Amino acid sequence: MALCTGTLLAALDQTIVSTALPTIVGELGGLDHLSWVVTVYLLTSTAVTPLYGKVSDIYGRKRVYQAAIVIFLVGSLLCATAQDLPQLILFRGLQGIGGGGLMAMAFAIIGDVVSPRERGRYTGILGSVFALASIAGPLLGGFFVDHASWRWAFTVNLPFGALALLVTQRHLHLPRRRAEARVDVVGALLLVAGVSCVLLALVWGGNEHPWGSATIVGLFGAGSGLVAAFVAWEGRVEEPILPLRLFRDRVVAIASVQLFLLGAAIFGAIVFLPVYLQVSTGASATTSGLLTLPLMVGVTATSIASGRWIARTGRYRWWPVAGTGVGAIGMLLLSRVEADSSRVVTSVGMVVLGAGMGMVMQTLILAAQNAVSVRDIGVVSSSVTFFRSMGGSFGVAVLGAVFTARLGVELPAHLPAGALVGADVDVLLNSPEAIRALAPAVREGVVTAVADSIRVVFLCAVPALLVGFALAWVLPERPLRETVLDPSVDVAV
């Protein structure tokens, strides 16, 4: 329950803040820096994820997990008291440092206390927490904005975080390693800098700067050079922060690539589900959260079912095969949704997509953990989580560019000439009320253009899932260990 609470904190944060963002910017000002409130959290949480695995291997999982909770809560409290947008952006960066640890450490701790054979039951429950966050986030964010203050979007983290700290302190007992090691500071700096440059290029490309601009090309070049330097450094340092030897194992390598592809396709595409629901049906941000309930139902059902099946049979290989295949079908169904499609049609696509997500995400993490020695559980858990986060960041950026480009084609095709001259299309799309206020002919054209553009986004996500489906067939299946500890590891309880 403590791990679920901590995971829910980090997963909820993005969706709550996204819902409250227009109100936050309206009060604090600084519309030109609006995207940074989300971007800086994405940067810091993704960049520090691999660091947590190595640091927790040295100093202990419990201490590091509790430190991540404290950092996240301090960041939340500071965000709630921010007086201007630069302050909020700075505090969101601090919050992201803690959030990255909450995600990575939850799976690593389960790896410490539960044998791989039984682990599926618990990773399945953690997987369903992400689905819960996708529903509860917009609902809570909308409620706070409508009935209280946007500052509650951050303050609400404090009691849940305090509960997680209390339960972990009293009930979480983990093996303590006697191994002496050092933190690879140079490797950490190279990794954080390289990942930050690549993520900035992905987030800014097509939005802040054209894709071919010197800024974006320069960021990609710098990021590629820093990542190459990181790989070279990790191959020669005695205590690497991300041991490259782990990726010589086929299970770890294939699981990492699959999680990157799944993150890009699924997290990138479902960002546009609320946009479709709000624009096509006129639903509010709060209501659109309820309308995505079928996605949560699909994820929760198959996360728990697959975890129980794996625990009972000890076999996991066919779940990634089935999950990626079902996920591709669900994404294809969503690509057929039109502006006037019924909610039943949309719900079927969401249930199928959610079912695929629930089968595969936590199963791949389990497979990677089972493939390595117990001493590498922390590093491999944070590594595969890092690839999933990077995939999601990449998917949001690339599919966002697809949406923007397609919308530029669809709007002129569906609107009377000059209908939106002088209008800010981005502001319009963030305000269902503004769309409802348009003249009927213009409103119908905007709704159709947005729906057709989002259909293309869903369609573009299908190939990534199909590649993941092909890789799932060559994922080796190894017997799941039935004990927590590895005889080769020296531990003291």
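Note that the coordinates shown come from a computational prediction; the quantities given were computed from them, not determined experimentally. (Residues numbered from 1 in each chain as written. Predicted model: local features only at pLDDT ≥ 70, side-chain atom pairs only at ≥ 80, totals over all residues. Heavy atoms only, no water.)

## Considering the overall build of the chain
Secondary structure assignment for the chain yields 19 helices and two strands. Burial statistics for the chain: of 493 residues in total, 55% are counted as buried. Partitioning the intrachain contacts of the chain with sequence separation of at least 6 by distance along the chain shows that 83% fall at a separation of at least 24. Taken as a whole, the chain presents about 19900 Å² of accessible surface, with 67% of it coming from carbon and sulfur. (Helix = DSSP H or I, 4+ residues; strand = E, 2+ residues; numbered from the N terminus. Buried < 20%, exposed > 50% of the residue type's maximum accessible area, 1.4 Å probe, protein only. Contact = heavy atoms within 4.5 Å. Areas by Shrake-Rupley, 256 points an atom, 1.4 Å probe, with all protein chains shown as cover.)

## Some words on a nonpolar patch on the surface
Taken together, the side chains of Tyr59, Val183, Val185 and Leu189 make up a nonpolar region of the molecular surface, amounting to roughly 390 Å² of accessible area. Along the chain, tyrosine 59 falls in helix 2 (residues 34–59). (Patch = residues over 30% accessible without salt bridge, like charges linked within 9 Å, V, L, I, M, F, W, Y side chains within 5 Å. Salt bridge = Lys/Arg side-chain N within 4 Å of Asp/Glu carboxyl O.)

## Side note on the nonpolar core
Leu88, Leu102, Phe154, Ile266, Met331 and Leu353 are the most contacted members of the largest nonpolar core, which totals 141 residues. Residues contacting leucine 102, with those up to four places away along its chain left out, are Gly6, Thr7, Leu9, Ala10, Tyr65, Ala68, Ile69 and Phe72. (Core = buried A, V, L, I, M, F, W, Y, C linked by side-chain atoms within 4.5 Å.)

## Observations concerning the pattern of salt bridges
For the structure shown, the criterion picks out six salt bridges. For the salt bridge of aspartate 249 with arginine 478, the shortest nitrogen-to-oxygen distance reads 2.7 Å. Taken as a pair, aspartate 249 in the loop between helix 9 (214–234) and helix 10 (250–270) and arginine 478 in the loop between helix 19 (440–472) and strand 2 (491–492) lie far apart in primary sequence, 229 residues in all. A single network of salt bridges, built from pairs that share partners, joins Glu338, Asp452 and Arg455.

## With respect to the side chain of arginine 92
Structurally, arginine 92 can be placed in helix 4 (residues 85–113). Within the structure, arginine 92 has its side chain in polar contact with the side chain of glutamine 95 (distance 2.9 Å). (Polar contact = N/O pair within 3.5 Å; in protein donor to acceptor, adjacent residues only side chain to side chain.)

## Overview of the side chain of serine 453
Looking at where serine 453 falls in the secondary structure, it is placed in helix 19. The class of serine 453 is buried, set by a relative accessible area of 0%. At 2.8 Å, the side chain of serine 453 and the backbone oxygen of alanine 449 are in polar contact. If near-sequence neighbours (up to four positions away) are discounted, serine 453 is found in contact with Phe403, Arg406, Leu407 and Glu410.

## With respect to the packing of helix 13 (residues 293–313) against helix 15 (residues 343–370)
One can describe the packing of helix 13 onto helix 15 by two numbers: an axis separation of 7 Å at closest approach and a directional angle of 35 degrees. Crossing hand, helix 13 versus helix 15: right-handed. In this structure, helix 13 uses Pro294, Leu295, Gly298, Val299, Thr302, Ser303, Ser306 and Ile310 to contact helix 15, whose residues at the interface are Ser347, Met350, Val351, Leu353, Gly354, Ala355, Met357, Gly358, Met359, Gln362, Thr363 and Leu366. Of the residues assigned to the contact of helix 13 with helix 15, the class counts are eleven nonpolar, nine polar and no charged. (Axes fitted to C-alpha atoms, helices over the stretch in contact; angles between N-to-C directions. Left-handed = near helix turned anticlockwise from the far one by under 90°. Nonpolar A, V, L, I, M, F, W, Y, C, P; charged D, E, K, R; others polar.)

## Quick look at the confidence of the model for the chain
For the chain, per-residue confidence averages 80 on the pLDDT scale, and 87% of positions sit at 70 or higher. The low-confidence segment residues 487–493 (pLDDT under 50) makes 14 contacts with residues lying over four places distant or belonging to another chain. (pLDDT = per-residue confidence, 0-100.)

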